[in-house]
Amino acid sequence: MGRYVARRLLQMIPVFIGTTLLIFLMVNVLPGDPVAALWGDKPPDPAQVAQIKHDRGLDLPLWQQYLHYMWGLLQGDFGNTIAGNRPILDEITAALPVSARLAAMAWTFELVVGIALGVIAGIRRGRIIDNSVTLFTLLVISVPIFVFGLLFQLLFGNQLGWVTPTVQNSEDMAQLLMPALVLGLVGLAYVARLTRTSIAENIKADYMRTAVAKGLPRRRIVSRHLLRNSLIPVVTYLGTDIGTLMGGAVVTEGIFNVTGVGNLLFQALARREGAVIVGIVTVMVLVYLLASLLVDLLYAVLDPRIRYA
Amino acid sequence: MRGATHAKWAACAVAVALAATACGGGADTSGGGSGDGSGIVRSSWGDPQNPIEPANTNEVQGGKVLDMIFRGLVKYDPKTGEAQNTVAEKIDTTDSQNFTVTIKDGWTFSNGEKVTAKSFVDAWNYGAHIDNKQNNSTFFSNIEGYDEVHPESGAAKAKTMSGLVVKDDKTFTVKLSEKFSLWPQTLGYQAFSPLPQAFFKDHAGWLKKPVGNGPYVIESYTKGSGMKLRKWDDYKGEDAAKNGGVDLNVYTDNNTAYTDLMAGNIDLVDDVPAKQLKNVKNDLGDRYINQPALIIQTLVFPLYDKNWGKDGMEKVRRGLSMAINREQITKQIFQDTRTPAKDWTSPALGDKGGYDPEGCGDACKYDPAQAKKLIEEGGGLPGGKVTVTSNVDTGSHRDWMDAVCNSINNALGKGAVCTVDPVGTFADFRSRTAQFKWTGPFRSGWQADYPLIQNFLQPLYYTGASSNYGKFTDKKFDDLVDRANQESDTAKAVEDFQSAQKLLGDQMPAIPLWYQNGSAGYSENVGDVALNQFSVPVYEEITVN
C-alpha cells in the first residue's frame, strides 16, 4: 500500500511537468500581447513595452522563460501579474478558498442527494419514482447550466427574495448556497444515473439473494451489500468531479458574481496573463492528481478484492 | 418526487405571474440617512487591473476612484465639458509654450499635507520617468525634457524634466517642447493630479490606501470585492460630496450588476448590459441615462493602399459614407445606444468645445442615389468590391458590419459588392492595423482623454501622428492644426480645428459612423444622478433619499 502510494506520487512528477509545459506553450501561441494590453485601445508606448518585457524576462527565448518559471515554482514563487505587478500566489490564495467552499458545498449536495435518488430509483426500477428521477436527470443534463443559474436567480433571488440574487460576500456560506446548488445540479444528475444503473444491476446478483435468504434486515442489505458494491463507478465520477467543480465553474461564478478560481482564470485568459493561467492550471492539476489517487485508494476500501502492492 | 414535481411547476407559474404584474425588489434598506446628506451610494464597479495611482490608471474603473479622491489644476464641468480652474488659481501664458501655474491657497491632502507647486511637479516627474513604468507617461510627452527621462530606447538620461521649475510654494512654470495653446485644458486628465510626499516616502503603503485631495477619502479597499469611500468632511473645494459616501461593489459581469439593481442590492450601475436594453425602459423608466460619450466609431480607409489613396478616390470614399443608413443601424442594432455621427468629434464636447453638427455635412447623410452617382464618378470601387474589417470579439461589431454592408449593397444595387472580414480577436486586429496591412476600410474606435476637439483630430489625422493608422496626409490640414495650437485665444483655436475638420469632409479619410453613448441606471433610493463626458457618474452630486 505504502509503496503503491509512493509510486503514484512519483508518477505525478512527469505528468506535472508535461501539463505545465503544454499549457505554457499553448498560452504563448495565443495571439495578443499582455504588455501591450495594458494600454487598452490606445497605442502602447514602445519604449515602455520594451522596458516592462525586459524587467519580466519576457524578451528571453521561450525555453528560458519556462525554466525560469519552473525554478520559481519549485521555490513556491508563482511570479507576478503583468497588470499591477501583484504576486500571483496572492491572487490564487484569495480565490482558492472561495472556490473550495463552493465546490465542497456543491459536491456534498451531489453526493447526498445524487446517491439517495439513485438508490431509490434503482430499487424501484420501472416504477413511477424511477421514471421521475430519469426524467429529472435528463432535464438537468440536457439544459445548459446557465439556464438554471439565471432561472434560480430570477425566481429565488428577484421574485421570492429568499436569497440574495448574487453573492455580495464570497466568505458567506449562506450566500454561496444557491450557486452551489446550481453548480452541483449536473453532477447530481450523473451521480443519480450512475448509482441507479449500478444498483439496478447488482440487485439481481446472487449475493443479494443470499443476503435476503439469510434473513438480514432490509436496511442492512441495501447499505452494506447493495450500495457498497454499486459505488465504484460513482466514486470514480465523484473523484474527478472535485477538480471540475473547483476550476470549471466559470459560468456559475459569473452569473452569481463569485470571485473564485474560475473567474480568475477567465480574467487571466482575457488579458493573456500567461503566468496566472499556468499557475492556476498547476494547482488544478495537483487537485486532480490527488483526487484520482484518493479514488483509487477508495476502490480497495469498497471492494476488498482490489489490492495494491 | 411526484409532489416535488408539482411544486416545481407551481413555483414556475408563480414566477410568471409575478413577472407579468410587478418586478419585485425596489427600494428597501440602504446605508441609513434620509436626505440629510449622510446616506451611502452603493454602486457597481469592476476590479481595476492596475493599482490605483494617477499616472498609471488608464481604465475607467480605477479612473472612477481617482475622480473621487483627487482634484487637479482644472476640472471639466460635467455638463458643458468646459475646463474650470479648481486647484489652479490661474494658468498664464504669453506665447502658448511657456506657462506659469499659480495654485490656490488652502488645498490640502486628506493626510494634512499641503498641496503645493512641488506636489504637482514631483507627481509629473514621477509619472513621466521610464523607470516608474507608468501607463500614462505619454501625457507628459509635450513637456520639455520628456525625451531625457523617457527616451525611445535605452536608460533615462535625467531624473526630472527640464521644462518643470518650481518657483515658490504656490507657483511653478512649465515649458512645452512646442506650442500648444489648449494645453491648460488637457490638465483635467487624472494623470496630472498632485501627489502628497507620502506617496514617494511609502509607495507600497500609499497603494494600499491611496491618499488624495478630493471630496472623498478611501475607508477600506479589498481587492476583488470592493472599496468603501467616505465623504471627507474637511474638503475645501466647491464640489463637496452631497452624500455620506460611496460603496463600490465589484461585479465580474454587468448582467449580474443589473440583476442586483433590480433586486435593490445596489443603487447604481453605470453600464447597462446590451441584452437588457429592451427591458430597461420598463424596469427603470426615467431612471435610465443614455447620452453620447467622448467616443466615436469610424471606418478608416487605408490610404497607404494605392487603390484607396489615389487621386479621385475621395469621391468614392464620400459615396460610401452616404450609402450608410446610420439612423436605421443605430436604432435596430444598438437600440439607440449609439448616436449617428455628424462630424469627427463628439456631441459631448458641446458647441463651445468644438462639436459641429454640420462638420460632415451632406457626406454623412444617407442618400443612396447620390452615393451611387459619386462612386461611379470616382471610377467605382477598386476591383468592384469593398471589404469592411473589424475585430468581432466584442461590441456587436459583426452585426453592424453586416448592416453597413447591406446598406451599401442596397444603395449600389450591384449585388454583394460589400463583404465583411471578421477578425477573431482585438489583439490580432490591432497588430494588423499597426502594421498597415489592410486593403479595405477598417474600424477605428476612439475615446478622447479630455473633452477637446484637438484630441479627436490631431492624433488621428495629422501627418505621422501616433494613431493615424490610415496614413492620411494633407498639408492644409496639418497647417491648420499647427495654427490652432499656436492661437492664444481658445475660441480661435477651436475655430481653426473646425476648419481643419471641414477638410476631412472633402477628403473623407475615415467615415464617421456613430458616437458611442454612456449608460447608467439607478434605483429610487438615489437622485441627481448624471454622467460626465467620460460616462462616469458624478458621484459627489448624487443624493440619497
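Residues numbered from 1 in each chain as written. Chains lettered and ligands numbered in written order. Predicted model: local features only at pLDDT ≥ 70, side-chain atom pairs only at ≥ 80, totals over all residues. Heavy atoms only, no water.

J.: I'd like a rundown of the overall build of chain B, residues and numbers included.
T.: A tally of helices and strands in chain B yields 19 helices and 19 strands. Computed over C-alpha atoms, the radius of gyration of chain B comes to 25 Å, within 12% of the 24 Å expected from 2.2 N^0.38 for 545 residues, which places it in the range of a compact globule. Taking the principal axes of the C-alpha coordinates as reference, chain B spans close to 80 × 70 × 40 Å. In chain B, which comprises 545 residues, the share counted as buried stands at 55%. The long-range fraction of contacts in chain B, counting pairs at least 24 apart against all pairs at least 6 apart in sequence, stands at 68%. Total accessible area on chain B is roughly 22,400 Å²; 48% of this is exposed by carbon and sulfur atoms. Positive and negative side-chain charges in chain B, numbering 57 and 68 respectively, have mean positions lying 4 Å apart. (Helix = DSSP H or I, 4+ residues; strand = E, 2+ residues; numbered from the N terminus. Rg over C-alpha atoms; globule rule 2.2 N^0.38 Å. Buried < 20%, exposed > 50% of the residue type's maximum accessible area, 1.4 Å probe, protein only. Contact = heavy atoms within 4.5 Å. Areas by Shrake-Rupley, 256 points an atom, 1.4 Å probe, with all protein chains shown as cover. Lys, Arg positive; Asp, Glu negative; His and termini not counted. Charge placed at Lys NZ, Arg CZ, Asp CG, Glu CD.)

J.: Before we move on, can you summarise the nonpolar core with the specific residues and values?
T.: The biggest cluster of nonpolar side chains holds 140 residues, and the ones touching the most others in it are Leu73(B), Trp124(B), Phe140(B) and Val174(B). Here this core takes eight residues from helix α15 (residues 397–412) of chain B, the largest share from any one element. Each residue touching Trp124(B), except ones within four places of it in the same chain, is listed here: Leu73(B), Phe140(B), Ile143(B), Met161(B), Leu164(B), Phe172(B), Val174(B), Trp183(B), Leu187(B), Ala191(B), Phe192(B) and Ser193(B). Counting residues in each nonpolar core, the second largest holds 69 residues, with Leu73(A), Ala103(A), Ala211(A) and Leu297(A) among its members. (Core = buried A, V, L, I, M, F, W, Y, C linked by side-chain atoms within 4.5 Å.)

J.: Account for the UniProt feature "transmembrane region" (unreviewed entry) in chain A, with residues named and values stated.
T.: UniProt records the feature "transmembrane region" (unreviewed entry) at residues 12–30, 104–123, 135–156, 176–194, 234–256 and 276–302 of chain A, using the numbering of this structure. Annotated as residues 135–156 of chain A, this span is 91% helix and 0% strand, and its ends, taken at the C-alpha atoms, are 23 Å apart. (UniProt positions renumbered as here; feature names shortened; annotations may be inferred.)

J.: Explain the state of the cysteines residue by residue, including any values.
T.: By definition, a disulfide links the sulfur atoms of two cysteines through a covalent bond. All names here are of chain B. Within the structure shown, the criterion is met by two disulfides over all chains. Disulfide pairing is shown between Cys-360 and Cys-364; the S-S distance is 2.0 Å. In this structure, the disulfide formed by Cys-360 and Cys-364 twists by about 80° around the S-S bond and is classed as right-handed. Put simply, Cys-405 and Cys-418 are joined by a disulfide, and their sulfur atoms are 2.0 Å apart. Residues Cys-405 and Cys-418 are joined by a disulfide whose S-S torsion is about -60°; by sign, that bridge is left-handed. Pair noted here: Cys-405 is in helix α15 and Cys-418 is in strand β15 (residues 418–423), with a separation of 13 residues, a long-range link. Cys-418 shares its class with Cys-405; the two are buried. If the cysteines joined by disulfides in chain B are listed in sequence order, their pairing comes out as 1-2, 3-4. (Disulfide = S-S within 2.5 Å.)

J.: Account for the domain arrangement of chain B, naming residues and giving values.
T.: All names here are of chain B. For chain B, the domain assignment lists domain 1 (70–201) and domain 2 (292–518). Computed over C-alpha atoms, the centres of domain 1 and domain 2 are 33 Å apart. Taken residue by residue, the interface counts 13 residues in domain 1 and 15 residues in domain 2. A buried area of about 1,200 Å², summed over both sides, lies between domain 1 and domain 2, and 63% of it is on carbon and sulfur atoms. (Domains from an automatic or database assignment. Buried area = accessible area lost by both parts, 1.4 Å probe.)

J.: Describe a nonpolar patch on the surface, and please don't skip the residues or the numbers.
T.: All names here are of chain A. A contiguous nonpolar surface patch, about 310 Å² in accessible area, is contributed by Phe-146, Val-147, Leu-150 and Val-251. Among the elements that line the nonpolar patch, the one with the most residues is helix α6 (residues 145–159), at three residues. Following the sequence through the fold, Val-147 ends up in helix α6. (Patch = residues over 30% accessible without salt bridge, like charges linked within 9 Å, V, L, I, M, F, W, Y side chains within 5 Å. Salt bridge = Lys/Arg side-chain N within 4 Å of Asp/Glu carboxyl O.)

J.: Give me the lowdown on the domain arrangement of chain A, citing residues and values where you can.
T.: Interfaces are frequently sized by the accessible area removed from exposure as the parts join. Residue and element names in this part refer to chain A. Partitioning chain A into structural domains gives domain 1 (2–74) and domain 2 (92–302). Its C-alpha centre places domain 1 at a distance of 32 Å from the equivalent point of domain 2. On the side of domain 2, 18 residues touch domain 1, which itself brings 17 residues to the contact. Buried area between domain 1 and domain 2, both sides added, is near 1,500 Å², and the carbon and sulfur share of it is 80%. If you sort the residues of domain 1 by the area they bury against domain 2, Arg-8, Met-12 and Tyr-69 come out on top, with a joint share of 30%. Remark: the boundary between domain 1 and domain 2 carries one salt bridge. Between Arg-8 and Asp-296 there is a salt bridge, with its nearest N and O atoms 2.3 Å apart. The tally of links from domain 1 across to domain 2 stands at two residue pairs in polar contact (both at pLDDT 80 or more). Classifying every residue of the side of domain 1 that touches domain 2 by side-chain character gives 14 nonpolar, two polar and one charged. (Polar contact = N/O pair within 3.5 Å; in protein donor to acceptor, adjacent residues only side chain to side chain. Nonpolar A, V, L, I, M, F, W, Y, C, P; charged D, E, K, R; others polar.)

J.: Go over the pairing of strand β14 (residues 386–391) of chain B, please, and point to the residues and values.
T.: Residue and element names in this part refer to chain B. Counted residue by residue, β14 has five buried out of six residues, so it is predominantly covered. Two elements, β14 and β15, share six bridges in a ladder whose sense is parallel. From the neighbouring strand, Thr-389 faces β15, where its bridge partner is Asp-421. (Pairing = 2+ DSSP bridges.)

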